[in-house]
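# Architecture and fold: a report
Listed below are the residues making up each chain.
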Amino acid sequence: MKLQHHLGGLENLGPVAYEPRVFVEDWEQRIFGIHVAMMGLSTHLGDAVPQYPIEDVPSAFSSVWTWADLRKGAEAMHPFAYFQYRYYEKWLGGIGGFFVSQGYITEEELEAKAAEYLHDPGLELPEGGDERIDDQVIRYLREGDTPRQGPAQSPAFAIGDRVTVKDVPPTDHTRLPGNLRGRTGTVERVFEGDYGYFCSTGPDGIGEPMPVYAVRFEPTDLWGELAEPGAVLYGELYQAYLTHAMEEQQ
Amino acid sequence: MTVQFGYPEDREARSAARVRALEALLIEKGVITGATVDKVLGHFETDMTPLNGAKIVARAWTDPEFAERLVKDTPAAVAELDLPIGMDGAEGEHLQAVANTPGVHNLVICTLCSCFPWPVLGLPPYWYKDPTFRARAAREPRVVLKETGLDLDPSVELRVWDSSGHSRWFVIPQRPAGTDGMTEQELAALVTTESMIGIAEVPSPAA
(Lines give C-alpha, C1' and ligand atoms only; values in the text may rest on other atoms or scores of the structure.)
Protein backbone atom coordinates (compact mmCIF):
# COMPACT_ATOMS: atom_id res chain seq x y z
CA MET A 1 0.00 0.00 0.00
CA LYS A 2 0.96 3.62 -0.39
CA LEU A 3 0.85 5.86 2.64
CA GLN A 4 -0.22 8.75 0.38
CA HIS A 5 -3.40 6.78 -0.49
CA HIS A 6 -4.20 6.22 3.19
CA LEU A 7 -3.69 9.59 4.87
CA GLY A 8 -7.23 9.80 6.28
CA GLY A 9 -7.08 8.67 9.89
CA LEU A 10 -3.31 8.40 10.18
CA GLU A 11 -2.60 8.83 13.90
CA ASN A 12 0.02 10.54 16.05
CA LEU A 13 0.82 13.42 13.69
CA GLY A 14 0.61 16.11 16.35
CA PRO A 15 -0.85 19.58 15.96
CA VAL A 16 -1.88 21.03 12.60
CA ALA A 17 0.27 23.86 11.25
CA TYR A 18 -2.36 26.59 10.89
CA GLU A 19 -0.50 28.64 8.34
CA PRO A 20 -3.12 30.77 6.57
CA ARG A 21 -0.94 31.91 3.67
CA VAL A 22 -1.22 30.14 0.31
CA PHE A 23 2.47 30.57 -0.49
CA VAL A 24 4.86 30.55 2.45
CA GLU A 25 7.86 31.51 0.28
CA ASP A 26 7.76 33.82 -2.75
CA TRP A 27 9.34 31.22 -5.02
CA GLU A 28 6.35 28.90 -4.52
CA GLN A 29 4.21 31.21 -6.66
CA ARG A 30 6.41 30.54 -9.67
CA ILE A 31 6.08 26.74 -9.60
CA PHE A 32 2.33 27.10 -9.13
CA GLY A 33 2.20 29.32 -12.23
CA ILE A 34 4.30 26.87 -14.25
CA HIS A 35 2.02 23.97 -13.30
CA VAL A 36 -1.12 25.90 -14.30
CA ALA A 37 0.51 26.84 -17.61
CA MET A 38 1.32 23.17 -18.28
CA MET A 39 -2.29 22.19 -17.56
CA GLY A 40 -3.50 24.96 -19.88
CA LEU A 41 -1.17 23.86 -22.68
CA SER A 42 -1.62 20.09 -22.25
CA THR A 43 -2.25 18.38 -25.58
CA HIS A 44 -5.25 16.48 -24.17
CA LEU A 45 -7.19 19.77 -24.16
CA GLY A 46 -7.73 19.34 -27.92
CA ASP A 47 -10.29 16.67 -26.92
CA ALA A 48 -11.70 18.55 -23.92
CA VAL A 49 -15.25 19.88 -23.86
CA PRO A 50 -14.45 23.46 -24.99
CA GLN A 51 -12.36 21.86 -27.83
CA TYR A 52 -9.38 24.11 -27.33
CA PRO A 53 -7.42 24.68 -30.58
CA ILE A 54 -4.36 23.33 -28.82
CA GLU A 55 -2.53 22.34 -32.01
CA ASP A 56 -2.56 25.97 -33.15
CA VAL A 57 -1.03 27.29 -29.94
CA PRO A 58 2.62 28.11 -30.72
CA SER A 59 4.09 26.55 -27.56
CA ALA A 60 6.92 24.02 -27.55
CA PHE A 61 4.94 22.03 -24.98
CA SER A 62 3.77 18.81 -26.61
CA SER A 63 2.84 16.61 -23.64
CA VAL A 64 -0.18 15.66 -21.62
CA TRP A 65 0.00 17.26 -18.17
CA THR A 66 -2.97 17.09 -15.82
CA TRP A 67 -3.65 16.90 -12.10
CA ALA A 68 -3.25 13.15 -12.46
CA ASP A 69 0.38 13.58 -13.53
CA LEU A 70 1.18 15.90 -10.64
CA ARG A 71 -0.59 13.60 -8.18
CA LYS A 72 1.16 10.49 -9.53
CA GLY A 73 4.49 12.15 -8.80
CA ALA A 74 3.50 12.94 -5.20
CA GLU A 75 2.14 9.43 -4.74
CA ALA A 76 5.42 7.97 -6.05
CA MET A 77 7.50 9.63 -3.35
CA HIS A 78 9.10 7.90 -0.40
CA PRO A 79 6.44 8.26 2.31
CA PHE A 80 8.86 9.97 4.69
CA ALA A 81 9.89 12.42 1.95
CA TYR A 82 6.21 13.13 1.37
CA PHE A 83 6.07 14.45 4.93
CA GLN A 84 9.53 16.01 4.83
CA TYR A 85 8.92 18.39 1.97
CA ARG A 86 6.43 21.23 1.87
CA TYR A 87 3.60 21.19 -0.63
CA TYR A 88 5.25 23.26 -3.36
CA GLU A 89 8.64 21.64 -2.80
CA LYS A 90 6.98 18.42 -3.96
CA TRP A 91 5.62 20.25 -7.01
CA LEU A 92 9.04 21.64 -7.85
CA GLY A 93 10.60 18.18 -7.61
CA GLY A 94 7.89 16.56 -9.73
CA ILE A 95 7.64 19.25 -12.42
CA GLY A 96 11.40 19.78 -12.75
CA GLY A 97 11.83 16.02 -13.05
CA PHE A 98 9.12 15.85 -15.70
CA PHE A 99 10.76 18.42 -17.99
CA VAL A 100 14.10 16.61 -17.66
CA SER A 101 12.64 13.11 -18.22
CA GLN A 102 10.70 14.29 -21.28
CA GLY A 103 13.79 15.86 -22.81
CA TYR A 104 12.66 19.51 -22.77
CA ILE A 105 15.72 20.38 -20.69
CA THR A 106 18.69 18.51 -19.26
CA GLU A 107 19.52 18.19 -15.57
CA GLU A 108 22.91 19.74 -16.37
CA GLU A 109 21.47 22.93 -17.86
CA LEU A 110 18.96 23.20 -15.04
CA GLU A 111 21.75 22.85 -12.46
CA ALA A 112 23.95 25.34 -14.29
CA LYS A 113 21.17 27.90 -14.62
CA ALA A 114 20.13 27.39 -10.98
CA ALA A 115 23.74 28.02 -9.91
CA GLU A 116 23.62 31.36 -11.77
CA TYR A 117 20.40 32.41 -10.01
CA LEU A 118 21.70 31.16 -6.65
CA HIS A 119 24.80 33.29 -7.12
CA ASP A 120 22.81 36.32 -8.28
CA PRO A 121 19.13 36.18 -7.17
CA GLY A 122 18.51 39.58 -8.82
CA LEU A 123 19.20 38.19 -12.30
CA GLU A 124 16.19 38.90 -14.54
CA LEU A 125 14.13 36.27 -16.33
CA PRO A 126 14.12 36.24 -20.14
CA GLU A 127 11.36 38.29 -21.77
CA GLY A 128 9.15 37.84 -24.80
CA GLY A 129 7.30 34.95 -26.38
CA ASP A 130 4.11 34.50 -28.37
CA GLU A 131 1.08 35.98 -26.61
CA ARG A 132 -1.15 33.24 -27.99
CA ILE A 133 0.48 30.91 -25.42
CA ASP A 134 -0.71 33.12 -22.56
CA ASP A 135 -4.14 33.53 -24.16
CA GLN A 136 -4.62 29.75 -24.18
CA VAL A 137 -3.54 29.40 -20.54
CA ILE A 138 -5.95 32.12 -19.42
CA ARG A 139 -8.72 30.65 -21.57
CA TYR A 140 -8.15 27.29 -19.85
CA LEU A 141 -8.44 28.98 -16.44
CA ARG A 142 -11.72 30.60 -17.49
CA GLU A 143 -13.30 27.64 -19.29
CA GLY A 144 -11.82 24.67 -17.45
CA ASP A 145 -11.65 21.00 -18.31
CA THR A 146 -14.74 19.16 -17.12
CA PRO A 147 -14.52 15.40 -16.53
CA ARG A 148 -18.25 15.07 -17.28
CA GLN A 149 -18.77 13.12 -20.47
CA GLY A 150 -21.90 12.23 -22.34
CA PRO A 151 -25.39 11.55 -21.00
CA ALA A 152 -25.86 9.56 -17.81
CA GLN A 153 -25.91 5.82 -18.33
CA SER A 154 -28.06 3.85 -15.94
CA PRO A 155 -26.37 4.03 -12.54
CA ALA A 156 -25.97 0.70 -10.72
CA PHE A 157 -26.90 2.19 -7.34
CA ALA A 158 -29.78 4.37 -6.16
CA ILE A 159 -30.24 6.79 -3.29
CA GLY A 160 -30.56 4.83 -0.05
CA ASP A 161 -28.64 1.78 -1.30
CA ARG A 162 -26.10 0.32 1.10
CA VAL A 163 -22.76 0.00 -0.69
CA THR A 164 -19.43 -1.52 0.29
CA VAL A 165 -16.20 0.01 -1.00
CA LYS A 166 -14.05 -2.45 -2.95
CA ASP A 167 -10.51 -3.19 -1.93
CA VAL A 168 -9.14 -2.69 -5.45
CA PRO A 169 -5.49 -3.57 -6.16
CA PRO A 170 -3.05 -0.79 -5.29
CA THR A 171 -1.76 1.10 -8.35
CA ASP A 172 0.46 4.13 -8.95
CA HIS A 173 -2.56 6.43 -8.72
CA THR A 174 -6.05 6.29 -7.26
CA ARG A 175 -9.00 8.49 -6.30
CA LEU A 176 -10.17 6.08 -3.62
CA PRO A 177 -9.36 7.32 -0.09
CA GLY A 178 -7.70 4.35 1.61
CA ASN A 179 -9.66 4.72 4.85
CA LEU A 180 -12.88 3.88 2.96
CA ARG A 181 -11.70 0.53 1.56
CA GLY A 182 -13.89 -2.31 2.72
CA ARG A 183 -16.25 0.05 4.54
CA THR A 184 -20.01 0.16 4.08
CA GLY A 185 -22.02 3.34 3.66
CA THR A 186 -25.25 4.68 2.20
CA VAL A 187 -25.69 6.34 -1.19
CA GLU A 188 -27.00 9.80 -0.49
CA ARG A 189 -26.71 11.27 -3.94
CA VAL A 190 -26.30 10.04 -7.52
CA PHE A 191 -24.57 12.77 -9.51
CA GLU A 192 -26.06 13.67 -12.86
CA GLY A 193 -24.06 12.42 -15.82
CA ASP A 194 -21.00 10.23 -16.11
CA TYR A 195 -17.50 11.29 -15.15
CA GLY A 196 -14.22 10.25 -16.71
CA TYR A 197 -10.79 10.72 -15.21
CA PHE A 198 -7.64 12.22 -16.77
CA CYS A 199 -6.11 8.79 -17.25
CA SER A 200 -6.90 5.13 -16.73
CA THR A 201 -5.81 3.96 -13.31
CA GLY A 202 -5.62 0.35 -14.55
CA PRO A 203 -6.88 -2.31 -12.14
CA ASP A 204 -7.83 0.51 -9.76
CA GLY A 205 -10.72 0.99 -12.17
CA ILE A 206 -11.37 4.61 -13.14
CA GLY A 207 -10.78 6.59 -16.35
CA GLU A 208 -13.73 5.73 -18.59
CA PRO A 209 -16.93 7.73 -17.96
CA MET A 210 -19.03 6.26 -15.14
CA PRO A 211 -21.54 7.37 -12.50
CA VAL A 212 -20.29 8.99 -9.31
CA TYR A 213 -21.99 8.89 -5.91
CA ALA A 214 -21.89 10.81 -2.65
CA VAL A 215 -21.73 8.07 -0.02
CA ARG A 216 -22.34 8.71 3.66
CA PHE A 217 -20.28 6.75 6.21
CA GLU A 218 -21.18 6.62 9.90
CA PRO A 219 -18.19 7.34 12.15
CA THR A 220 -18.26 4.02 14.06
CA ASP A 221 -18.33 2.10 10.75
CA LEU A 222 -15.05 3.79 9.82
CA TRP A 223 -13.15 4.25 13.05
CA GLY A 224 -14.64 1.88 15.60
CA GLU A 225 -14.03 3.01 19.15
CA LEU A 226 -11.85 5.90 17.97
CA ALA A 227 -14.89 7.44 16.26
CA GLU A 228 -16.07 10.90 17.25
CA PRO A 229 -19.82 10.90 17.84
CA GLY A 230 -21.85 12.69 15.20
CA ALA A 231 -18.95 13.22 12.77
CA VAL A 232 -20.12 11.78 9.46
CA LEU A 233 -17.72 11.33 6.54
CA TYR A 234 -18.85 11.72 2.95
CA GLY A 235 -16.86 10.21 0.11
CA GLU A 236 -17.42 11.13 -3.53
CA LEU A 237 -16.87 7.76 -5.14
CA TYR A 238 -16.71 6.45 -8.70
CA GLN A 239 -18.96 3.49 -9.46
CA ALA A 240 -15.93 1.24 -10.10
CA TYR A 241 -15.06 1.50 -6.41
CA LEU A 242 -18.45 0.29 -5.15
CA THR A 243 -20.37 -2.95 -4.78
CA HIS A 244 -23.73 -3.77 -3.20
CA ALA A 245 -23.28 -4.25 0.54
CA MET A 246 -23.20 -7.90 1.63
CA GLU A 247 -26.02 -7.32 4.10
CA GLU A 248 -28.27 -6.27 1.18
CA GLN A 249 -27.42 -9.29 -0.95
CA GLN A 250 -28.79 -11.78 1.57
CA MET B 1 5.29 23.17 9.81
CA THR B 2 7.13 20.02 10.68
CA VAL B 3 10.69 20.29 11.94
CA GLN B 4 11.21 16.56 12.33
CA PHE B 5 13.58 16.33 9.39
CA GLY B 6 16.95 17.89 8.72
CA TYR B 7 17.15 20.50 5.97
CA PRO B 8 20.06 22.28 4.34
CA GLU B 9 20.55 25.84 5.60
CA ASP B 10 20.02 27.28 2.12
CA ARG B 11 16.84 25.22 1.57
CA GLU B 12 14.70 28.13 0.35
CA ALA B 13 17.45 29.87 -1.64
CA ARG B 14 18.11 26.61 -3.51
CA SER B 15 14.44 26.10 -4.35
CA ALA B 16 14.09 29.75 -5.38
CA ALA B 17 17.08 29.45 -7.72
CA ARG B 18 15.90 26.14 -9.15
CA VAL B 19 12.38 27.34 -9.93
CA ARG B 20 13.75 30.54 -11.49
CA ALA B 21 16.13 28.46 -13.59
CA LEU B 22 13.27 26.21 -14.67
CA GLU B 23 11.08 29.18 -15.62
CA ALA B 24 13.96 30.81 -17.52
CA LEU B 25 14.66 27.63 -19.51
CA LEU B 26 10.97 27.12 -20.32
CA ILE B 27 10.78 30.71 -21.62
CA GLU B 28 13.98 30.28 -23.67
CA LYS B 29 12.67 27.05 -25.20
CA GLY B 30 9.26 28.52 -26.09
CA VAL B 31 7.20 26.38 -23.72
CA ILE B 32 5.84 29.48 -21.96
CA THR B 33 6.45 33.22 -22.41
CA GLY B 34 8.15 35.72 -20.15
CA ALA B 35 4.69 36.82 -19.02
CA THR B 36 2.84 33.50 -18.56
CA VAL B 37 3.48 32.92 -14.87
CA ASP B 38 2.71 36.55 -13.97
CA LYS B 39 -0.55 36.38 -15.93
CA VAL B 40 -1.59 33.17 -14.14
CA LEU B 41 -0.82 34.73 -10.76
CA GLY B 42 -2.66 37.90 -11.76
CA HIS B 43 -5.77 35.84 -12.55
CA PHE B 44 -5.82 34.66 -8.93
CA GLU B 45 -4.91 38.04 -7.46
CA THR B 46 -7.65 39.98 -9.22
CA ASP B 47 -10.39 37.60 -10.41
CA MET B 48 -10.42 34.35 -8.46
CA THR B 49 -10.39 35.36 -4.80
CA PRO B 50 -12.43 34.45 -1.70
CA LEU B 51 -14.36 37.67 -2.32
CA ASN B 52 -16.40 35.72 -4.88
CA GLY B 53 -17.38 33.16 -2.26
CA ALA B 54 -18.17 35.93 0.23
CA LYS B 55 -20.53 37.58 -2.27
CA ILE B 56 -22.27 34.25 -2.90
CA VAL B 57 -22.70 33.66 0.84
CA ALA B 58 -24.01 37.18 1.43
CA ARG B 59 -26.60 36.73 -1.32
CA ALA B 60 -27.64 33.39 0.22
CA TRP B 61 -28.09 35.12 3.60
CA THR B 62 -30.32 37.81 2.16
CA ASP B 63 -32.31 35.77 -0.38
CA PRO B 64 -33.64 32.43 0.94
CA GLU B 65 -34.80 31.34 -2.51
CA PHE B 66 -31.31 31.92 -3.88
CA ALA B 67 -29.92 29.93 -0.95
CA GLU B 68 -32.16 27.04 -1.90
CA ARG B 69 -31.14 27.17 -5.57
CA LEU B 70 -27.49 27.45 -4.55
CA VAL B 71 -27.49 24.10 -2.78
CA LYS B 72 -29.62 22.39 -5.43
CA ASP B 73 -27.76 23.57 -8.55
CA THR B 74 -24.68 25.47 -7.46
CA PRO B 75 -23.21 26.38 -10.89
CA ALA B 76 -26.54 27.78 -12.13
CA ALA B 77 -27.06 29.84 -8.96
CA VAL B 78 -23.49 31.17 -9.03
CA ALA B 79 -24.01 32.19 -12.67
CA GLU B 80 -26.88 34.48 -11.58
CA LEU B 81 -24.42 36.78 -9.78
CA ASP B 82 -22.21 39.44 -11.31
CA LEU B 83 -18.86 37.73 -10.73
CA PRO B 84 -15.65 37.54 -12.81
CA ILE B 85 -15.57 35.41 -15.97
CA GLY B 86 -14.55 31.85 -15.22
CA MET B 87 -16.58 30.82 -12.18
CA ASP B 88 -17.10 27.48 -13.96
CA GLY B 89 -13.50 27.42 -15.20
CA ALA B 90 -10.52 25.50 -13.83
CA GLU B 91 -11.41 23.82 -10.51
CA GLY B 92 -14.87 25.38 -10.68
CA GLU B 93 -16.30 23.02 -13.30
CA HIS B 94 -18.50 21.30 -10.72
CA LEU B 95 -18.99 23.61 -7.76
CA GLN B 96 -21.10 22.25 -4.93
CA ALA B 97 -22.29 24.31 -1.97
CA VAL B 98 -23.32 22.73 1.34
CA ALA B 99 -25.22 24.83 3.89
CA ASN B 100 -24.70 24.98 7.64
CA THR B 101 -27.83 25.00 9.82
CA PRO B 102 -28.31 25.10 13.59
CA GLY B 103 -28.09 21.27 13.61
CA VAL B 104 -25.51 20.64 10.87
CA HIS B 105 -21.95 21.90 10.36
CA ASN B 106 -20.00 21.10 7.20
CA LEU B 107 -16.24 20.78 6.72
CA VAL B 108 -14.46 20.35 3.38
CA ILE B 109 -11.23 18.33 3.17
CA CYS B 110 -9.17 16.47 0.56
CA THR B 111 -7.31 13.49 1.99
CA LEU B 112 -5.77 12.44 -1.36
CA CYS B 113 -4.41 15.82 -2.49
CA SER B 114 -5.66 19.42 -2.22
CA CYS B 115 -8.84 19.78 -4.32
CA PHE B 116 -10.33 23.22 -3.75
CA PRO B 117 -12.98 25.41 -5.45
CA TRP B 118 -10.55 27.96 -6.92
CA PRO B 119 -13.04 30.38 -8.51
CA VAL B 120 -15.04 30.69 -5.28
CA LEU B 121 -12.33 30.59 -2.61
CA GLY B 122 -9.12 31.35 -4.49
CA LEU B 123 -6.13 29.12 -3.77
CA PRO B 124 -6.07 26.92 -0.67
CA PRO B 125 -4.23 28.11 2.45
CA TYR B 126 -1.20 26.12 3.53
CA TRP B 127 -2.93 24.30 6.40
CA TYR B 128 -5.56 22.82 4.06
CA LYS B 129 -2.81 21.13 2.03
CA ASP B 130 -0.79 20.00 5.03
CA PRO B 131 -0.84 16.18 5.44
CA THR B 132 -1.45 16.52 9.19
CA PHE B 133 -4.71 18.42 8.68
CA ARG B 134 -5.83 16.06 5.92
CA ALA B 135 -5.14 12.99 8.06
CA ARG B 136 -6.63 14.26 11.30
CA ALA B 137 -9.71 16.04 9.93
CA ALA B 138 -10.98 12.73 8.53
CA ARG B 139 -10.94 10.89 11.87
CA GLU B 140 -11.10 13.55 14.60
CA PRO B 141 -12.65 16.64 12.99
CA ARG B 142 -14.19 17.88 16.25
CA VAL B 143 -10.79 17.92 17.94
CA VAL B 144 -9.24 19.69 14.94
CA LEU B 145 -12.02 22.31 14.93
CA LYS B 146 -11.60 22.83 18.66
CA GLU B 147 -7.88 23.44 18.17
CA THR B 148 -8.69 26.23 15.72
CA GLY B 149 -11.22 27.78 18.08
CA LEU B 150 -14.53 26.27 17.02
CA ASP B 151 -16.01 24.25 19.89
CA LEU B 152 -18.94 22.58 18.16
CA ASP B 153 -21.87 21.55 20.36
CA PRO B 154 -22.04 17.73 20.64
CA SER B 155 -25.61 17.81 19.36
CA VAL B 156 -24.52 19.31 16.02
CA GLU B 157 -23.91 16.77 13.25
CA LEU B 158 -20.52 17.40 11.67
CA ARG B 159 -20.42 16.45 7.99
CA VAL B 160 -16.93 16.07 6.54
CA TRP B 161 -16.74 16.11 2.74
CA ASP B 162 -13.66 14.40 1.30
CA SER B 163 -13.11 15.88 -2.18
CA SER B 164 -12.14 12.65 -3.93
CA GLY B 165 -14.31 13.06 -7.04
CA HIS B 166 -15.27 15.84 -9.47
CA SER B 167 -17.15 18.14 -7.07
CA ARG B 168 -15.47 21.16 -5.54
CA TRP B 169 -17.28 21.71 -2.25
CA PHE B 170 -17.65 24.90 -0.28
CA VAL B 171 -19.63 25.79 2.83
CA ILE B 172 -22.39 28.36 3.25
CA PRO B 173 -21.82 29.34 6.89
CA GLN B 174 -24.66 30.48 9.14
CA ARG B 175 -25.43 34.18 9.23
CA PRO B 176 -24.11 35.53 12.54
CA ALA B 177 -26.24 37.30 15.11
CA GLY B 178 -26.20 41.08 15.20
CA THR B 179 -26.30 41.52 11.43
CA ASP B 180 -29.94 42.53 10.97
CA GLY B 181 -30.30 45.39 8.56
CA MET B 182 -26.79 45.05 7.14
CA THR B 183 -26.45 45.37 3.37
CA GLU B 184 -25.28 42.49 1.18
CA GLN B 185 -21.96 44.29 0.77
CA GLU B 186 -21.51 44.72 4.51
CA LEU B 187 -22.35 41.08 5.07
CA ALA B 188 -19.88 39.91 2.42
CA ALA B 189 -17.12 41.75 4.27
CA LEU B 190 -17.71 39.53 7.31
CA VAL B 191 -17.28 36.22 5.48
CA THR B 192 -13.89 34.51 5.86
CA THR B 193 -12.21 31.82 3.76
CA GLU B 194 -12.00 29.64 6.88
CA SER B 195 -15.78 29.79 7.34
CA MET B 196 -16.35 28.72 3.72
CA ILE B 197 -14.07 25.69 4.21
CA GLY B 198 -15.77 24.98 7.51
CA ILE B 199 -13.05 25.28 10.15
CA ALA B 200 -14.65 28.43 11.55
CA GLU B 201 -17.96 30.19 11.89
CA VAL B 202 -18.51 33.78 10.80
CA PRO B 203 -18.02 35.87 13.93
CA SER B 204 -20.76 38.25 14.98
CA PRO B 205 -19.71 41.88 14.33
CA ALA B 206 -20.95 42.75 17.83
CA ALA B 207 -18.56 40.29 19.47
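Residues numbered from 1 in each chain as written. Chains lettered and ligands numbered in written order. Predicted model: local features only at pLDDT ≥ 70, side-chain atom pairs only at ≥ 80, totals over all residues. Heavy atoms only, no water.

As a reminder, the rule being used: UniProt positions are given in the numbering used here, feature names are shortened, and annotations may be inferred rather than shown by experiment.
Going by an unreviewed UniProt entry, chain B carries the name nitrile hydratase and comes from Streptomyces himalayensis subsp. himalayensis. Here is the UniProt Sequence similarities (unreviewed entry) comment for chain B, exactly as written: "Belongs to the nitrile hydratase subunit alpha family." Checking UniProt for chain B, the heading Catalytic activity (unreviewed entry) contains the comment "an aliphatic primary amide = an aliphatic nitrile + H2O".

As recorded in an unreviewed UniProt entry, chain A goes by nitrile hydratase and comes from Streptomyces himalayensis subsp. himalayensis. Recorded in UniProt for chain A, the comment headed Function (unreviewed entry) runs: "NHase catalyzes the hydration of various nitrile compounds to the corresponding amides."

## Considerations on empty space enclosed by the protein
Keep this limit in mind: The way it works is a 1 Å grid over only the protein atoms, where trapped points that fit a 1.4 Å probe form a cavity and open points with protein on both sides within 12 Å along at least five of seven lines form a pocket, and then any residue with an atom within 4 Å of a point lines it. Grid points are joined across faces, edges and corners, and a volume is the space filled by probe spheres set on the points. Secondary structure is summarised from DSSP: a helix means a run of H or I of at least four residues, a strand means a run of E of at least two, and numbering begins at the N terminus for each.
Evaluated as defined, the whole model comprises one cavity of 30 Å³ or more. There is about 90 Å³ of room inside the largest cavity. Taken together, 14 residues line the largest cavity, and the ones lying closest to its centre are A:W67, A:Y87, A:W91, B:S114 and B:W118. The biggest single contributor to the lining of the largest cavity is helix α4 (residues 87-101) of chain A, with three residues.

## With respect to the UniProt feature "domain: Nitrile hydratase alpha/Thiocyanate hydrolase gamma" (unreviewed entry) in chain B
Per the UniProt annotation, the sites labelled "domain: Nitrile hydratase alpha/Thiocyanate hydrolase gamma" (unreviewed entry) are residues 15-200 of chain B. Counted over residues 15-200 of chain B, helix gives 47% and strand 12%. Its end C-alpha atoms are 33 Å apart.

## Focus on the UniProt feature "binding site: Fe(3+)" (unreviewed entry) in chain B
Applicable threshold: Buried residues are those whose accessible area, probed at 1.4 Å on protein chains only, stays under 20% of the maximum for their type, while exposed residues exceed 50% and partly exposed ones sit between those limits. Contacts between residues were defined by any pair of non-hydrogen atoms, one from each residue, lying within 4.5 Å. Think of a polar contact as two N or O atoms within 3.5 Å of one another; within protein, one of them needs to be a possible hydrogen donor and the other a possible acceptor, and neighboring residues in sequence only count if both atoms come from side chains.
Under the UniProt annotation, "binding site: Fe(3+)" (unreviewed entry) lies at B:C110, B:C113, B:S114 and B:C115. In the annotated group above, the largest cavity draws its lining from B:C113, B:S114 and B:C115. Within the secondary structure, B:C110 sits in the loop between β2 (104-109) and α6 (118-121). Looking at B:C110, the relative accessible area reads 1%, which means it is buried. Its relative accessible area of 9% is what places B:S114 among the buried residues. If we ignore the near neighbours within four places in the chain, the residues touching B:S114 are A:Y87, B:P124, B:Y128 and B:K129. A polar side-chain atom of B:S114 sits 2.4 Å from a polar atom in the side chain of A:Y87.

## Structural notes on the packing of aromatic side chains
For clarity, the threshold we go by: The pairing test for Phe, Tyr and Trp rings, Trp by its six-membered ring, is centres within 6.5 Å, and the orientation test on the planes gives stacked under 30 degrees, edge-to-face over 60, and tilted for anything in between.
Tallying each qualifying case throughout the model produces 29 aromatic pairs over all chains. Centroid distance A:Y197 to A:F198: 5.3 Å. Interplanar angle 65°. Geometry classified as edge-to-face. Of the residues examined, A:Y197 reaches a relative accessible area of 10% and is grouped as buried. Summarising the aromatic geometry, the rings of A:Y234 and B:W161 are spaced 3.9 Å apart at their centres and angled 15° between planes, so their arrangement reads as stacked. One end of the pair, A:Y234, is in strand β6 (residues 231-238); the other, B:W161, is in strand β3 (residues 157-162), on a second chain.

## Observations regarding the sheet that holds β2(B)
The following threshold applies: Here, strands pair whenever DSSP counts at least two bridges between them. The axes used here are C-alpha line fits, helices contributing only the stretch in contact, and every angle between their N-to-C directions lies in the interval 0 to 180 degrees.
Read across the sheet, seven strands follow the order β7(A)-β2(A)-β3(A)-β5(A)-β6(A)-β3(B)-β2(B) without closing on themselves; strand pairing throughout is mixed. Single-partner strands in this sheet number two, and they are β7 (242-244) of chain A together with β2 of chain B. Looking at each pair of strands side by side, their axes are set apart by 40° on average, direction ignored. As paired elements, strand β3 (residues 184-190) of chain A and strand β5 (residues 212-217) of chain A share four bridges and run antiparallel to each other. Within the sheet, the bridge partner assigned to A:R189 lies in β5(A) and is A:A214.

## Examining the domain arrangement of chain A
All names here are of chain A. Short version of the rule: The split of the chain into domains comes from an automatic or database domain assignment. Throughout, the accessible surface (probe 1.4 Å) given up by two parts as they are put together, summed over both, is called the buried area.
With domains assigned, chain A is organised as domain 1 (3-146) and domain 2 (149-249). Computed from C-alpha atoms alone, the centre-to-centre distance between domain 1 and domain 2 is 29 Å. Taken together, the contact between domain 1 and domain 2 spans 13 residues of the former and 15 residues of the latter. Taking both partners together, domain 1 and domain 2 bury about 1,100 Å²; carbon and sulfur atoms supply 59% of that area.

## Things to note about the packing of helix α6 (residues 131-143) of chain A against helix α2 (residues 36-47) of chain B
A pair of packed helices is captured by two measures, namely the crossing angle of their axes and the spacing between those axes. As a reminder, the rule being used: Crossing handedness is defined as follows: a turn of the near helix away from the far one that is anticlockwise and smaller than a right angle gives a left-handed crossing, while the clockwise case is right-handed. Under this grouping Gly is polar, as are all residues other than the nonpolar Ala, Val, Leu, Ile, Met, Phe, Trp, Tyr, Cys and Pro and the charged Asp, Glu, Lys and Arg.
Contact geometry of α6(A) with α2(B) gives a least axis separation of 10 Å together with a crossing angle of 35°. Helix-helix and strand crossings are classified by hand; for α6(A) and α2(B) the assignment is right-handed. Every residue of α2(B) that contacts α6(A) at A:E131, A:I133, A:D134, A:V137, A:I138, A:L141 and A:R142 is listed here: B:T36, B:K39, B:V40, B:H43, B:F44 and B:D47. A class-by-class count of the residues in the contact of α6(A) with α2(B) yields six nonpolar, two polar and five charged.

## Side note on the side chain of B:S167
Secondary-structure assignment places B:S167 in the loop between β3 and β4 (168-172). Owing to a relative accessible area of 2%, B:S167 belongs among the buried residues under this scheme. Within the structure, B:S167 has its side chain in polar contact with the side chain of A:E236 (distance 2.4 Å). Every residue in contact with B:S167, bar those within four places of it in the chain, is listed here: A:F191, A:E236, B:H94 and B:Q96.

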